[in-house]
Amino acid sequence: MSSRTAGWTAVALGGGRGLHVTLTALRRVTDDVTAVVTVADDGGSSGRLRRELGLLPPGDLRKAMVALADNDGSGALWARLFQHRFGGTGALAGHAIGNLVLAGLLEQLGDPVAVLAEAGRLLGVRGRVLPMCTEPLEIEADVTGLDEDAEVVRRIRGQVAIATTPGRVQRIRLHGPGGPGEPPRGCAEAVEAVLNADVVLLGPGSWFTSVLPHLLVPELNDALTRTSAKKVVVLNLVPQPGETAGFSPELHLDVLCEHAPTLRVDAVIADVDAVPVPDRLRRAAAALGAAAHLAPIALPGFPDRHDPAALASGIRRALDGLPAAAPGPSSTTLQEERETRGGDEPWR
């Protein structure tokens, strides 16, 4: 694969800083990138706009657009402006200008896909940014470890509350705008992008609130199952306090499999220094039908931050090593592998 492959279509699913680093890496690999972004944020500027105006939370969408914005000319200026936050103590304090622009466009145009296309032209976005769903969602989690009895399960609602819980997240669910009982509805353009992609990337990022939610949207889950694209999971460099404290790299994959048992993956990319027992990760990846690729992808001197250039190289190497077509293991094989993987902490 050349340093940049024309015509190679990539879709990255996620949110926040994790998706930003994936998009920054993908820009070094291909000119055809689509970001599919979570829309469950309920904190900060995004949460305020969501509560006050009833709109999609714009923050993660803004970050994805900035990652794909033109680095030269007016696009670079608009990207810096989109990231600028107001200071002070007034009504605008803490709001990112890009969030306000997107909120205004949403009120003017109504259609989030049209809004993101219009804003993309303003920033000179190379690629496309799409919402996971066109209506705001709510995440609910089952959490243990919040009571004297560590096995008691509490339900925590809201992305910020889940991301900062001192307990241990066991499982998440997504609710549509109508609340519990209403399933989320996937954005049609996002579903089409996954189905037509050459490669789909999932992660890195907040595992329970940015990565896994895509798998809980029925239309996206179905598209990920049916697409002929190569599917790549990029693991986090360190456990995240609140969401994945104490998680091993392989446990991240177990959690992914629990939430999407039919998903098959082709490659898992991890930082070599972040994997204490490589054989365990290789077995966990094999349980998803994938090969594990370990390489130095952390930013030198910052073990909790990915190096976009190194990640881009890791993506190229992982894809170059994949066969043209290979059937995934059967569900029985996957279950047997998870049950017999020696020494791993089981997912419960």
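Each remark here, short or long, concerns the structure printed above.
From a predicted model like this one, the values you see are computed outputs, not experimental measurements.

**Some words on the overall build of the protein**
Right, on to step 1. Assigned secondary structure in the protein consists of 14 helices and twelve strands.
Right, on to step 2. Rg of the C-alpha trace for the protein: 19 Å, near the compact-globule value of 20 Å for 348 residues, within the 12% margin.
Right, on to step 3. With the principal axes as the frame, the protein shows a C-alpha extent of 55 × 55 × 40 Å.
Right, on to step 4. Partitioning the contacts of the protein with sequence separation of at least 6, the portion at a separation of at least 24 is 71%.
Right, on to step 5. A total of about 14600 Å² of accessible surface is found on the protein, and carbon and sulfur atoms cover 52% of it.
Right, on to step 6. Where the 34 positive side-chain charges of the protein centre and where its 41 negative ones centre are 3 Å apart.

**Let's talk about the sheet that holds strand 5 (residues 154-157)**
Across a sheet, paired strands are connected by hydrogen bonds in the backbone, their directions being either parallel or antiparallel.
Right, on to step 1. Read across the sheet, three strands follow the order 5-4-6 without closing on themselves; strand pairing throughout is antiparallel. Since the sheet does not close on itself, it has two edges, and those belong to strand 5 and strand 6 (168-175), each with one partner. Across the sheet, the mean angle from the axis of one strand to that of its neighbour is 25°, orientation sign disregarded.
Right, on to step 2. Relative to strand 5, strand 4 (residues 138-144) runs antiparallel, the two being bridged by four bridges. Bridge pairing links Val143 to Arg154 in strand 5.

**With respect to the side chain of Asn221**
Right, on to step 1. Assignment of secondary structure puts Asn221 in helix 10 (residues 218-226).
Right, on to step 2. In contact with Asn221, other than residues within four places in its own chain, are His214, Leu215, Ala260 and Thr262.

**Here we look at the pairing of strand 2 (residues 32-37)**
Right, on to step 1. Judged by how many residues are buried, strand 2 sits mostly within the fold: five of six residues are covered.
Right, on to step 2. Pairing between strand 1 (residues 9-14) and strand 2: six bridges, direction parallel. Within strand 2, the residue paired with Thr9 across the bridge is Asp32.
Right, on to step 3. Following the chain from strand 1 across helix 1 (residues 16-26) to the adjacent parallel strand 2, one finds a crossover that is right-handed.

**What about the pattern of salt bridges?**
Right, on to step 1. This structure, assessed with the given rule, holds 13 salt bridges.
Right, on to step 2. For Arg173, the salt bridge goes to Asp142, with nearest N and O atoms at 2.8 Å. Here Arg173 is found in strand 6, whereas its partner Asp142 is found in strand 4, with 31 residues between them in sequence.
Right, on to step 3. In this structure Arg173 comes out as partly exposed when scored by relative accessible area, which is 22%.

**Focus: helix 5 (residues 97-109)**
Right, on to step 1. Taking 1.5 Å per residue, 13 residues should reach 18 Å; helix 5 reaches 18 Å between its end C-alpha atoms and fits that length.
Right, on to step 2. Buried residues of helix 5: Ile97, Gly98, Asn99, Leu102, Ala103 and Leu106, and no others.
Right, on to step 3. At its buried positions, helix 5 is contacted by helix 2 (44-53), helix 3 (59-67), helix 4 (73-83) and helix 6 (112-123).
Right, on to step 4. Backbone geometry just downstream of helix 5 places Gly110 in the positive-phi region, at approximately 85°.

**Description of the sheet that holds strand 1**
Right, on to step 1. Spatial ordering of the open sheet is given by 3-2-1-7-8-9-10, a layout of seven strands whose pairing is parallel. In the strand order of this sheet, the two ends are held by strand 3 (128-131) and strand 10 (291-295), each with one partner. Here the strands of the sheet are splayed against their neighbours by 20° on average, with no regard to which way each runs.
Right, on to step 2. Direction of pairing for strand 2 relative to strand 3: parallel, over a ladder of four bridges. Looking across to strand 3, one finds that Val37 is bridged to Pro131.

**Comments concerning helix 13 (residues 308-320)**
Right, on to step 1. Taking 1.5 Å of rise per residue, the 13 residues of helix 13 would be expected to cover 18 Å, and the 18 Å separating its terminal C-alpha atoms lies within 8% of that figure.
Right, on to step 2. The complete set of buried residues in helix 13 reads Pro308, Ala310, Leu311, Ala312, Gly314, Ile315, Arg316, Ala318 and Leu319.
Right, on to step 3. Where the residues of helix 13 are buried, they touch helix 1, strand 7 (199-202), strand 8 (230-234), strand 9 (267-271), strand 10 and strand 12 (302-306).
Right, on to step 4. The opening residue of helix 13, the one whose side-chain oxygen lies 3.0 Å from the backbone nitrogen of Ala309, is Asp307.

Cut-off values and rules
- Residues numbered from 1 in each chain as written.
- Predicted model: local features only at pLDDT ≥ 70, side-chain atom pairs only at ≥ 80, totals over all residues.
- Heavy atoms only, no water.
- Helix = DSSP H or I, 4+ residues; strand = E, 2+ residues; numbered from the N terminus.
- Rg over C-alpha atoms; globule rule 2.2 N^0.38 Å.
- Contact = heavy atoms within 4.5 Å.
- Areas by Shrake-Rupley, 256 points an atom, 1.4 Å probe, with all protein chains shown as cover.
- Lys, Arg positive; Asp, Glu negative; His and termini not counted.
- Charge placed at Lys NZ, Arg CZ, Asp CG, Glu CD.
- Pairing = 2+ DSSP bridges.
- Axes fitted to C-alpha atoms, helices over the stretch in contact; angles between N-to-C directions.
- Buried < 20%, exposed > 50% of the residue type's maximum accessible area, 1.4 Å probe, protein only.
- Right-handed = clockwise from strand over helix to strand, strands pointing away.
- Salt bridge = Lys/Arg side-chain N within 4 Å of Asp/Glu carboxyl O.
- Expected span 1.5 Å × (residues − 1).
- Polar contact = N/O pair within 3.5 Å; in protein donor to acceptor, adjacent residues only side chain to side chain.

By themselves these figures say nothing about function.
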